[in-house]
Amino acid sequence: MADGAKVSLKGGAMIMKSVSLFLASGRRVSGARRRAEGLSAGGGSGGAGGAAGSRGRRVRRPQAPVMDGGGRNANKLPPKTLDILRKKTHFNKNELDMLFQIYRKLIASAQPARKAIMAMNASGAAIAKPNTNLEGIDRTMFREILHTTFDLVVEETLAERVWTVWEGSGTTTSSSNMRLEPWLIGLSVFLKGTFNERIAFCFKVYDLNSDGYITKDEMFTLLRNSLLKQPGDEDPDEGVRELVELALKKLDVDQDGKVSYEDYRQTVITEPLLLEAFGQCLPGNAECLAFLDTLQ
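Residues numbered from 1 in each chain as written. Predicted model: local features only at pLDDT ≥ 70, side-chain atom pairs only at ≥ 80, totals over all residues. Heavy atoms only, no water.

Caption draft 1: Region of the structure containing the environment of Asp138. As for its position among the elements, Asp138 is in the loop between helix H4 (93–122) and helix H5 (139–150). We classify Asp138 as buried; its relative accessible area is 13%. (Helix = DSSP H or I, 4+ residues; strand = E, 2+ residues; numbered from the N terminus. Buried < 20%, exposed > 50% of the residue type's maximum accessible area, 1.4 Å probe, protein only.)

Shown next as structure tokens:
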């Protein structure tokens, strides 16, 4: 393996490790908070039991909020930004503030790894990639979040499409990193999206070239990458082609040889199980509820 490839793999592993540690710590904090609330509700604040429980325990004073250069709480969204995001998402004020804090911490957790990558690149071990220090969530971190937080493990083509559709949901321009607005709008669809919003999201993911149609070639690519080859299969592609014909027969409402958004929407409304017909690109209900629980 070339030195550049080794550095790239090592850097990616460093970022993924830092993100995993942060997400795991967030789940521990959420669990500890629920246990503490349960103990508080069961034990009460008065009586001998309450007094005994409080002895020998240091009372932690609330920390002063971190302020930015403009004198605002750095962990809170500016009022104007908050108003815009409340209109564009299904989150309330408290949820948006919590998601903003998660976004900031995710970026901060990955900064040491990014700096290490830049240092290795600068030393001549690899060719430096553009925008390595740009603020935002990069592809490596995004895929780790999908896997660790939402238990979403998808193959390369589908993962790239989920990133592309999500990253472009809040802005018309594309960058190497996902900024705050598309991060929150994408999470809104993931966690609280209406059925129509989820239909639109999945269709855009499956429309690989973004021309407004899911073609037979795109179906073949998605299904071939998603299905496991069975031992003894002489021509696995033949089985995939048969599945494509079945899918086209089911989804092509106007019978023009390709699936438009309206074809897809009408079919999925009638048969919701076909929403993710070409590969999983949305989290399950359990993962959504678990994540939303951390925002309370």
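Now that the structure has been shown, the text picks up again.
Caption draft 2: Inspection of the packing of helix H7 (residues 180–192) against helix H8 (residues 195–206) at higher detail. Put simply, H7 and H8 touch, their axes get as near as 9 Å, and they point 115° apart. The element H7 and its partner H8 pack so that their crossing is left-handed. When H7 is examined against H8, the residues Val189, Phe190 and Leu191 are found in contact with a partner set consisting of Glu197, Arg198 and Phe201. For the contact of H7 with H8, a count of residues per class yields 4 nonpolar, no polar and 2 charged. (Axes fitted to C-alpha atoms, helices over the stretch in contact; angles between N-to-C directions. Left-handed = near helix turned anticlockwise from the far one by under 90°. Contact = heavy atoms within 4.5 Å. Nonpolar A, V, L, I, M, F, W, Y, C, P; charged D, E, K, R; others polar.)

Caption draft 3: Local environment of the packing of aromatic side chains. Counted by the stated rule, this structure contains 11 aromatic pairs. For the ring pair Trp166 and Trp183, a centre distance of 6.3 Å and an interplane angle of 20° mean the geometry is stacked. Residue Trp166 is located in helix H6 (residues 156–167), and its partner Trp183 is located in helix H7; the two are separated by 17 residues in the primary sequence. Ring geometry for Phe203 versus Tyr264: centroids 5.7 Å apart, planes at 50°, classification tilted. In this pair, Phe203 is assigned in helix H8 and Tyr264 in helix H11 (residues 261–270), connecting sequence segments 61 residues apart. (Phe/Tyr/Trp six-rings, centres within 6.5 Å; stacked < 30°, edge-to-face > 60°.)

Caption draft 4: A look at the pattern of salt bridges. A complete count under the given rule lists 12 salt bridges for this structure. Close ionic contact of Glu238 with Arg241 constitutes a salt bridge, the shortest N to O distance being 3.3 Å. Remark: Arg241 and Glu238 occur in helix H10 (residues 236–251); sequence separation between them is 3 residues, near one turn of the helix. Relative accessible area serves as the criterion here: at 37%, Arg241 is assigned to the partly exposed category. Connected through salt bridges with shared partners, the residues Arg139, Arg143, Glu156 and Glu160 form a single ionic network. (Salt bridge = Lys/Arg side-chain N within 4 Å of Asp/Glu carboxyl O.)

Caption draft 5: Representation of the confidence of the model for the protein within the structure. Here the protein shows a mean pLDDT of 77. Residues at 70 or above account for 61%. Across residues 4–19 the pLDDT falls below 50, and counting only partners more than four positions away or on other chains, this stretch makes 31 contacts in the model. In the predicted structure, residues 44–56 sits below a pLDDT of 50 and forms 2 contacts with residues beyond four places in sequence or in another chain. (pLDDT = per-residue confidence, 0-100.)

Caption draft 6: Broad picture of the nonpolar core. Ranked by size, the top nonpolar core spans 58 residues in total, and within it Trp183, Tyr206 and Tyr264 carry the most contacts. Once residues within four sequence positions are removed from consideration, Tyr264 is found in contact with Ile199, Cys202, Phe203, Tyr206, Ile214, Leu251, Val259, Leu274 and Leu275. (Core = buried A, V, L, I, M, F, W, Y, C linked by side-chain atoms within 4.5 Å.)

Caption draft 7: Focus on unusual backbone geometry. Its identity as a non-glycine residue notwithstanding, Ser210 has a phi of 55°, on the positive side. Within the element layout of this structure, Ser210 appears in the loop between H8 and strand S1 (213–214). Here Ser210 falls in the exposed class, since its relative accessible area comes to 52%. Positioned with a positive phi, Gln255 is a non-glycine residue whose angle comes to about 55°. Its place among the elements puts Gln255 in the loop between H10 and strand S2 (259–260). Looking at Gln255, the relative accessible area reads 71%, which means it is exposed.

Caption draft 8: Up close: the side chain of Arg161. With respect to the secondary-structure elements, Arg161 resides in helix H6. Buried and unpaired, Arg161 has no salt bridge, with Asp207 as the nearest side chain of opposite charge at 5.8 Å. Side-chain polar atoms of Arg161 contact the backbone oxygen of Lys204, separated by 2.5 Å. (Lys, Arg positive; Asp, Glu negative; His and termini not counted. Polar contact = N/O pair within 3.5 Å; in protein donor to acceptor, adjacent residues only side chain to side chain.)

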